[in-house]
Amino acid sequence: MIREDTIAAISTPIGTSGIGIVRMSGDKAFSIAKKIFYPPTHTRVNWSSSLKMHYGWIVDPETKERVDEVLLSLMQAPRTYTREHVVEINCHGGVVPLRKVLEICLKQGARLAQPGEFTKRAFLNGRIDLSQAESVLDIVQAKTEKALKMAVKAQAGELSKLIHSLREDMVDILSLLEAEIDFAHEEIEMLPEKEKERYLNSSIQKVENLLERAKTSQVYREGVKTVIAGKTNVGKSSLLNNLLERERAIVSSIPGTTRDTIEETINIKGFPVILIDTAGLGAIRNLLVKKSMERTHHSLIEADIILLMVDGSSPLEKEDKEIFVRVKNLNKQLLLIINKIDLPQRIDKNKLKEDFPDLAPVEISATKGTGIDKLKEDVAKCILKKVHPIDEEFMVNVRQNECLKKTKKCLLRAKESLRNRLSEEFLALEIREAIASLDEITGKRLGEEVLDRIFSNFCIGK
Ligand SMILES: Nc1nc2c(ncn2[C@@H]2O[C@H](COP(=O)(O)OP(=O)(O)OP(=O)(O)O)[C@@H](O)[C@H]2O)c(=O)[nH]1
Ligand SMILES: [Mg+2]
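Report follows, based on the coordinates. (Residues numbered from 1 in each chain as written. Chains lettered and ligands numbered in written order. Predicted model: local features only at pLDDT ≥ 70, side-chain atom pairs only at ≥ 80, totals over all residues. Heavy atoms only, no water.)

Among the secondary structure elements, Glu430 is positioned in helix H14 (residues 424–442). If sequence neighbours within four positions are ignored, Glu430 has contacts with Cys410, Arg413 and Ala414. (Helix = DSSP H or I, 4+ residues; strand = E, 2+ residues; numbered from the N terminus. Contact = heavy atoms within 4.5 Å.)

Right under this line is the structure:
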């Protein structure tokens with residue numbers, strides 16, 4: 001596909017920074033740069049060179065005024081991010097110089113890039129497939145180092161490789177089936193039924209493995225919502241502050257200090273954990289408290305893990321019990337925490353055991369930091385119950401996950417046709433559909449509209 005327009009955008013965040021980059025991609029990128037870039041006298045720019053940087057100024061061709069002192073990178077097609085000619089202008093990182101340089105590029109014939117359009121061009125020009133293009137977004141948005149590693153692996157084509165090999169398997173069966181259909185009148189069976197089933201089972205297994213990875217990816221990409229809940233004053237906010245290693249939430253001895261939910265992301269054993277401190281649950285006294293309670297309930301419903309906290313320095317009260325009932329009804333992963341173990345203990349652990357016979361409480365002191373490591377380990381264990389991280393992880397996103405689910409459904413239907421001894425045509429139809437769903441992952445068959453939707457999640461300049 002030939003794209004005749006040259007696109008330009010500011011590729012760094014808008015704000016004040018050391019440098020900022022204006023990027024152009026397209027046939028006219030070099031000719032526009034020639035019109036606006038001036039090197040120092042007695043130096044020449046070799047415009048046919050590639051991957052070279054040049055020092056100079058951007059000059060407005062209309063007013064002949066110097067706009068900014070810059071470094072210009074020239075990258076000749078096809079060995080560039082987009083496979084087109086790419087020019088990057090490293091300006092000083094202020095809003096005004098960056099906007100001015102971009103404006104000059106646009107006046108000289110470039111068009112403002114849409115979100116993700118540079119990466120979209122890399123895809124459309126065949127440098128990367130769609131799953132690799134999407135992982136660029138995961139790299140940019142990675143919440144932890146592990147998430148970054150997984151995104152980089154997907155970007156390098158690890159997911160594409162597996163999809164490709166799965167597709168090859170299916171194309172093999174399909175071609176045998178099609179041969180059988182073609183020679184149906186001669187009653188030639190290319191593949192015994194048992195073999196067909198074996199083939200199908202192996203493909204289903206491979207898709208299931210990928211779906212398992214998708215589950216793990218979701219944890220790394222979105223984080224695990226972990227809600228700290230309990231009666232007022234048990235030390236929920238103190239725990240949040242301890243885990244964050246800063247005084248994020250107000251802590252006081254007055255019950256009902258926290259009124260709103262407070263959300264912060266931390267890294268526990270490589271997992272992004274979204275910690276949510278909540279208003280203590282208790283009897284509703286006024287409208288404000290009612291609103292706080294609603295927020296707490298909402299967080300609990302959304303939670304992946306609930307850290308249920310009680311105060312070890314006081315006996316269990318009616319309010320504790322009420323919270324226990326509420327939390328149990330939610331059927332979430334639960335960790336029981338006894339806080340304030342630095343104070344004389346008055347809690348009856350046997351009573352606690354009656355309510356939670358299967359849970360061993362973690363004993364901590366949120367203010368002194370005792371037991372926090374053990375708590376982190378237990379949180380990680382909870383997460384590991386949900387996902388099975390193996391070293392060879394890579395990101396699988398929600399869209400890709402949906403395509404894989406479709407593939408699996410088609411393969412299961414194919415197996416059903418085989419069992420019910422339906423004609424080969426039915427089997428072939430399902431496998432063709434399974435292949436089509438895989439192709440949606442790599443972007444082999446997607447309309448412009450779907451592509452636009454995918455790339456619209458990117459920022460401008462990427
Ligand atoms: N000795 C001791 N005091 C603690 C500990 N954790 C919290 N506290 C104290 O308990 C009081 C309440 O702590 P918060 O962290 O505000 O409790 P909370 O559960 O967030 O309370 P609300 O926001 O009102 O629901 C404060 O005076 C804390 O200093 C602890 O481990 N040991
Ligand atoms: Mg609080």
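Here we come to the coordination of the magnesium ion (ligand 2). Here the magnesium ion (ligand 2) is held by Ser237 (OG) and Thr258 (OG1), and the distances to it run 2.0 to 2.1 Å. One end of the pair, Ser237, is in helix H8 (residues 236–244); the other, Thr258, is in the loop between H8 and strand S9 (262–268), with 21 residues separating them in the sequence. (Donors = N, O, S within 2.8 Å, 3.2 Å for Na, K, Ca; no water.)

On to the environment of Val59, then. The topology assignment puts Val59 in strand S4 (residues 52–59). Considering only alpha carbons, one finds Val59 and Lys196, 137 residues apart in sequence, at a separation of 68 Å.

Of the strand pairs in this sheet, strand S3 (residues 37–38) and S4 are connected by two bridges, and their pairing is antiparallel. Counterpart to Phe37 in the pairing with S4 is Ile58. Of the strand pairs in this sheet, S4 and strand S5 (residues 66–75) are connected by eight bridges, and their pairing is antiparallel. The residue bridging Val59 from the neighbouring strand is Arg66, located in S5. In textbook terms, the turn of a hairpin is the stretch between consecutive antiparallel strands, and for S4 and S5 this stretch comprises six residues, one of which, Lys64, has a positive phi near 65°. (Pairing = 2+ DSSP bridges.)

Contacts to ligand 1 come from 23 residues, most closely from Lys236, Ser238, Gly256, Thr257 and Thr258. Here a nitrogen atom of ligand 1 sits 2.9 Å away from a polar atom, N or O, in the side chain of Asp342. About the coverage of ligand 1: the protein hides 88% of its 650 Å² of free accessible area. Per-element accounting of the shell around ligand 1 gives the leading share, three residues, to H8. (Near = heavy atom within 4 Å. Polar contact = N/O pair within 3.5 Å; in protein donor to acceptor, adjacent residues only side chain to side chain. Areas by Shrake-Rupley, 256 points an atom, 1.4 Å probe, with all protein chains shown as cover.)

What follows concerns the sheet that holds S3. With mixed pairing, seven strands are arranged side by side in an open sheet as S3-S4-S5-S6-S2-S1-S7. Whereas interior strands pair on both sides, the edge strands pair on one side only; in this sheet they are S3 and strand S7 (111–112). Sheet strands touched by helix H2 (residues 95–107): strand S1 (7–10), strand S2 (17–25), S4, S5, strand S6 (86–93) and S7. Its angle to S6, the strand with the most contacts, is close to 150°. In the packing of helix H3 (residues 117–124) onto the sheet, contacts are made with S1, S2 and S7, and the angle to S1 comes to roughly 140°. (Axes fitted to C-alpha atoms, helices over the stretch in contact; angles between N-to-C directions.)

A word on the packing of helix H4 (residues 130–141) against helix H15 (residues 448–455). For the pair H4 and H15, the least separation of the axes is 11 Å and the interaxial angle reads 25°. It follows that H4 is roughly parallel to H15 by the angle criterion. Residues Leu130, Ala133 and Glu134 of H4 touch H15, and the partners they reach there are Leu451, Ile454 and Phe455. Looking at side-chain class alone, the contact of H4 with H15 contains five nonpolar, no polar and one charged residues. (Parallel < 35°, antiparallel > 145°, perpendicular 65-115°, else oblique. Nonpolar A, V, L, I, M, F, W, Y, C, P; charged D, E, K, R; others polar.)

Before going further, it helps to spend a moment on the packing of helix H13 (residues 398–419) against H14. A packed helix pair is summarised by two numbers, namely the angle formed by the two axes and the spacing between the axes. Following both chains from N to C, one finds H13 and H14 inclined at 170°, their axes separated by 8 Å at the closest point. Between H13 and H14, the crossing angle belongs to the class labelled roughly antiparallel. Seen from H13, the contacting residues are Arg399, Gln400, Cys403, Leu404, Lys406, Thr407, Cys410, Leu411, Arg413, Ala414, Ser417 and Leu418; seen from H14, they are Phe426, Leu427, Glu430, Ile431, Glu433, Ala434, Ser437, Leu438, Glu440 and Ile441. Across the contact of H13 with H14, the residue classes break down as twelve nonpolar, four polar and six charged.

Moving on, we come to the pattern of salt bridges. The full count for this structure, using the stated rule, is 44 salt bridges. Arg248 serves as the salt-bridge partner of Glu264, at 2.7 Å between the closest nitrogen and oxygen. Placement of Glu264 in strand S9 and of Arg248 in the loop between H8 and S9 is noted, with a sequence separation of 16 residues between them. Taking relative accessible area as the criterion, Arg248 reaches 33% and is therefore assigned partly exposed. For Glu294, the salt bridge goes to Lys290, with nearest N and O atoms at 3.6 Å. Taken as a pair, Glu294 and Lys290 lie in helix H9 (residues 287–302) at a separation of four residues, close to a single helical turn. In this structure Lys290 comes out as partly exposed when scored by relative accessible area, which is 41%. (Salt bridge = Lys/Arg side-chain N within 4 Å of Asp/Glu carboxyl O. Buried < 20%, exposed > 50% of the residue type's maximum accessible area, 1.4 Å probe, protein only.)

Here the focus is the nonpolar core. Leu239, Ile364, Val379, Ile383, Leu404 and Ile431 are the most contacted members of the largest nonpolar core, which has 65 residues in total. The element best represented in this core is helix H7 (residues 193–222), accounting for eight residues. The residues touching Ile383, leaving out its near neighbours within four places in the chain, are Val219, Val224, Phe271, Val273 and Ile305. Ranked by size, the runner-up nonpolar core spans 25 residues in total, among them Ile36, Val87, Cys105 and Ala110. (Core = buried A, V, L, I, M, F, W, Y, C linked by side-chain atoms within 4.5 Å.)

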